[in-house]
Every structure is written in C-alpha cells, then in structure tokens.
Amino acid sequence: MTTTPRIVEVRQNVLKHNDEVAHALRSRFQEAGVFVVSLVSSPGSGKTTFLERALTMLRQQCRPAALVGDLATDNDAQRLARSQTPVKQITTGSLCHLEAAMVDRTLEGWDLKELDILLIENVGNLVCPASYDLGEDLRLVLLSVTEGEDKPLKYPTIFNSADVAIITKMDLAEVVEFDRAAARANIEAVRPGIQVFELSAKTGQGMDELLAYLQEKSAVRSPAS
Amino acid sequence: MHELSIALSILDMVDEEAQRRGDVGIEAIHLKLGLLSGVVKEALLSAYELASEQTRFAACPLVIEDVPVSVYCSNCNAERSIRSVQCFCCVECGMPASEVVHGLELQIWALELAE
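This structure is a prediction, so every number in the text was calculated from the model and none was measured.

**Student:** How should I be thinking about the overall build of chain A in this particular structure?
**Tutor:** The helix and strand tally for chain A stands at eight helices and eight strands. At 19 Å, chain A has a C-alpha radius of gyration in line with the 17 Å of a compact globule built from 225 residues. Taking the principal axes of the C-alpha coordinates as reference, chain A spans close to 75 × 40 × 35 Å. Per-residue burial for chain A yields a buried fraction of 54% across its 225 residues. A fraction of 73% describes how many contacts in chain A between residues 6 or more apart in sequence connect residues 24 or more apart. Taken as a whole, chain A presents about 10,100 Å² of accessible surface, with 47% of it coming from carbon and sulfur. Charged side chains of chain A number 24 positive and 31 negative; the gap between the two group centres comes to 3 Å.

**Student:** Explanation requested: the overall build of chain B in the structure shown.
**Tutor:** Scanning chain B from N- to C-terminus turns up two helices and seven strands. Helices (α) and strands (β) of chain B occur, in sequence order from the N terminus, as α-β-α-β-β-β-β-β-β. Radius of gyration (C-alpha) of chain B: 17 Å, far over the 13 Å computed for a compact globule of 115 residues. The buried share of chain B, taken over its 115 residues, is 46%. Excluding contacts between residues fewer than 6 apart, the proportion of contacts in chain B whose partners are at least 24 apart in sequence is 68%. In the structure as shown, chain B presents an accessible area of about 5,700 Å², 50% of it carried by carbon and sulfur atoms. Seen as two clouds, the 7 positive and the 18 negative side-chain charges of chain B have centres 7 Å apart.

**Student:** Where do I start with the packing of aromatic side chains in this structure?
**Tutor:** To describe a pair of aromatic rings, you give the distance between the ring centres and the angle between the ring planes. Residue and element names in this part refer to chain A. All told, the structure shown has one aromatic pair over all chains when counted by the stated rule. Geometrically, the ring pair formed by F197 and Y213 is tilted, given 5.1 Å between the ring centres and 55° between the ring planes. Taken together, the positions of F197 in strand β8 (residues 195-198) and Y213 in helix α8 (residues 207-221) put the pair 16 residues apart, joining distant regions of the chain.

**Student:** Would you mind going over the pairing of strand β1 (residues 26-34) of chain B with me for this structure?
**Tutor:** Looking down a regular strand, the side chains alternate between one sheet face and the other. All names here are of chain B. With respect to burial, β1 is a largely interior element, seven of its nine residues being buried. In the sheet, β1 pairs with strand β7 (residues 106-113) via seven bridges, with the strands oriented antiparallel. From the neighbouring strand, I26 faces β7, where its bridge partner is L113. For the handedness criterion, the β-α-β arrangement of β1, helix α2 (residues 41-52) and strand β2 (residues 62-67) is classed as right-handed.

**Student:** Mind showing me how you'd approach α8 of chain A here?
**Tutor:** Because an α-helix completes one turn every 3.6 residues, residues spaced three or four positions apart along the sequence face the same direction. All names here are of chain A. The terminal C-alpha atoms of α8, which comprises 15 residues, lie 21 Å apart, in line with the 21 Å expected from a rise of 1.5 Å per residue. Along α8, the residues that are buried comprise M207, L210, L211, Y213, L214 and S218. The arc enclosing the buried residues of α8, seen along the axis, measures out at 155°, which places them on a common side. Summarising the geometry of α8, the exposed residues directed more than 90 degrees from the buried face are D208, E216 and V220. If you follow the buried residues of α8, they end up packed against β2 (35-40), α2 (47-58), β5 (117-121), β6 (138-144), β7 (164-168) and β8.

Calculation criteria
Residues numbered from 1 in each chain as written. Chains lettered and ligands numbered in written order. Predicted model: local features only at pLDDT ≥ 70, side-chain atom pairs only at ≥ 80, totals over all residues. Heavy atoms only, no water. Helix = DSSP H or I, 4+ residues; strand = E, 2+ residues; numbered from the N terminus. Rg over C-alpha atoms; globule rule 2.2 N^0.38 Å. Buried < 20%, exposed > 50% of the residue type's maximum accessible area, 1.4 Å probe, protein only. Contact = heavy atoms within 4.5 Å. Areas by Shrake-Rupley, 256 points an atom, 1.4 Å probe, with all protein chains shown as cover. Lys, Arg positive; Asp, Glu negative; His and termini not counted. Charge placed at Lys NZ, Arg CZ, Asp CG, Glu CD. Phe/Tyr/Trp six-rings, centres within 6.5 Å; stacked < 30°, edge-to-face > 60°. Pairing = 2+ DSSP bridges. Right-handed = clockwise from strand over helix to strand, strands pointing away. Expected span 1.5 Å × (residues − 1). Arc of directions from axis to C-beta.

In structure tokens:
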C-alpha cells in the first residue's frame with residue numbers, strides 16, 4: 001500500500017521554549033526595575049577583568065550583580081566576589097552557551113528588587129550564544145586588541161546580534177600594533193550604526209564612558225517610578 | 001557546537017506535533033534555516049542523523065531550506081538583500097542597513113504527514 005504525504009504548515013520556532021523563558025525573564029526584570037546586560041566574546045578577551053572593574057565601579061553608584069557562565073569551575077565567581085557584589089556562577093557542564101532557563105534557575109534566591117543592574121557573562125564562544133535570548137536589555141560583544149581586527153568579519157552573526165561592541169585591552173594596542181580604524185570599520189560593516197567603546201579594564205581607560213552609557217540606557221528603559 | 005541540542009529539540013517538537021494530530025506518521029520535516037541563525041546546516045544534518053537513530057524518525061528526512069539575509073533599507077524604503085554577511089549594505093543602493101528582516105529563522109515550517 002502506498003501512502004500520499006500531506007504537507008501541513010506548523011511554523012514553530014525550534015528555540016521557542018528558550019524564547020518563552022527569556023520573554024518571562026524580561027518581564028520580571030522590567031517589573032523589578034533591573035537593567036540586564038549580557039556579555040559575549042571569545043575566550044580570553046577580557047570579560048572577567050572587565051566585569052571585575054565594572055562591578056567595583058558600579059557599586060559606588062548603584063546596586064549591581066553578576067552571573068558568570070563557564071563550562072567548569074567557579075573561579076570567576078570567586079574572583080568577582082572580591083568586588084563585594086552579589087555574584088553567582090553558572091556551570092554549564094559541556095554546554096557551549098547559556099540558555100534562558102539556566103539564568104532563571106540561577107536567579108533563585110535573589111530578590112531582583114534589590115538590584116539595579118545585572119551583568120550576565122556568557123560562556124566564551126563567538127558562535128552558539130548568538131542564538132539564545134537571555135532576556136537581556138543589551139547584548140555587549142567584546143573584542144580584544146590581541147585577537148585581530150578581522151574577527152567581526154569571521155564571526156558576523158554574533159557581532160550582528162549585539163547592541164554594543166567593546167574593544168578591550170586598549171593598553172596593549174600599541175604593543176600589538178592594533179589597527180584601530182580597521183577594527184572599527186569591520187565592526188561597522190557587519191553591524192552598521194552599532195555603538196563602539198574602546199577601553200582597558202586594567203588601567204580603567206574608557207570605563208567611565210561605557211558605564212555612563214549603560215546607566216543612561218537603563219534610565220531610559222525604566223523611568224523613575 | 002549546539003547542533004545536537006537543536007536536533008533533539010526538533011525531534012521533541014515534531015513528536016509532540018505528531019501525537020497532537022492523532023499519532024500520525026511523519027514522512028519529512030521541513031526546516032527553514034537562516035544564514036544568521038547561528039546554526040550550521042551540515043552540522044545540524046549530522047546531528048539529526050545521530051539523534052533520530054533508533055527513533056520513529058530514523059527514516060524521516062530533515063529537509064533544510066536556507067534562508068538568505070535580507071534587511072530593511074531605509075533609503076529604498078524596501079526589503080533588500082545585502083552584499084554579504086561581511087558587508088551589511090543594500091545591494092541596490094549601497095546604504096548600510098542593520099535591520100534584519102530575514103535570515104534569523106530556525107523554524108520547523110512544515111511536516112509531511114502519512115495519510
């Protein structure tokens with residue numbers, strides 16, 4: 001007996017479960033008045049050093065907290081605890097990216113109303129994190145001067161998915177003969193109009209400008225109630 | 001490499017859909033895959049083959065339709081293709097454009113059911 005296939009349209013997003021959890025998280029964040037910023041980059045581009053400096057500086061002005069994702073160890077959480085802000089580690093096991101449900105689970109026990117800004121450090125990876133919404137307000141992509149100016153062209157998807165690009169380790173720019181104009185042109189090519197910041201978390205250069213920008217964005221999203 | 005978890009999600013969702021329709025047989029799964037989805041077609045196909053082994057979908061092909069990137073060009077006031085993913089510029093007028101209209105798809109758009 002032969003069968004005739006019948007085509008039915010279903011139009012279901014494969015990541016719909018993640019999108020639903022992210023959507024619910026975003027509503028919770030808005031309700032609690034916490035501004036959420038996620039960080040993506042390749043491993044070793046300086047996310048943790050940036051976070052350490054950012055948390056210490058933000059603590060002077062508001063109530064920041066951070067979630068840090070890694071495949072293994074809680075080294076980053078321990079290191080960031082020195083900033084005396086609430087920090088939790090998300091250990092993904094073998095998973096190469098964070099998903100909204102992991103963020104949701106890890107937030108258990110925190111009163112979001114006690115926070116003003118939450119920084120979420122994704123696993124160091126320039127591929128997979130692009131597909132997963134975490135409920136954040138802004139996605140920052142970091143590129144360090146030691147990585148090569150053409151990284152945005154090699155990983156256009158993640159750069160295109162980001163809201164802000166940050167060039168890190170600017171204190172090393174001269175030593176590695178970093179071509180600033182080329183890097184900026186490449187970022188602009190894959191994400192026209194994106195805001196770009198240059199900084200060194202080690203020396204603190206450029207940190208003020210970026211943090212002021214984040215606070216300004218945060219104020220726009222949640223007008224004082 | 002998150003293609004295996006994507007393949008497993010696809011199988012779960014299709015299985016659920018098949019059961020919802022009275023445990024109907026599925027002859028093929030049609031997926032739309034955007035160039036900016038962050039998922040690699042070849043890797044997804046291998047992952048799917050592995051994930052569907054010894055399941056009711058072992059003989060059910062995953063048919064992938066590539067979706068190219070298109071953006072909204074404010075200069076042309078129209079949806080346009082881009083020069084390349086390394087250059088988000090309107091192919092018609094060359095204006096930089098970052099508002100993606102298509103290319104992010106990762107969607108099961110249709111199923112072929114056995115009658």
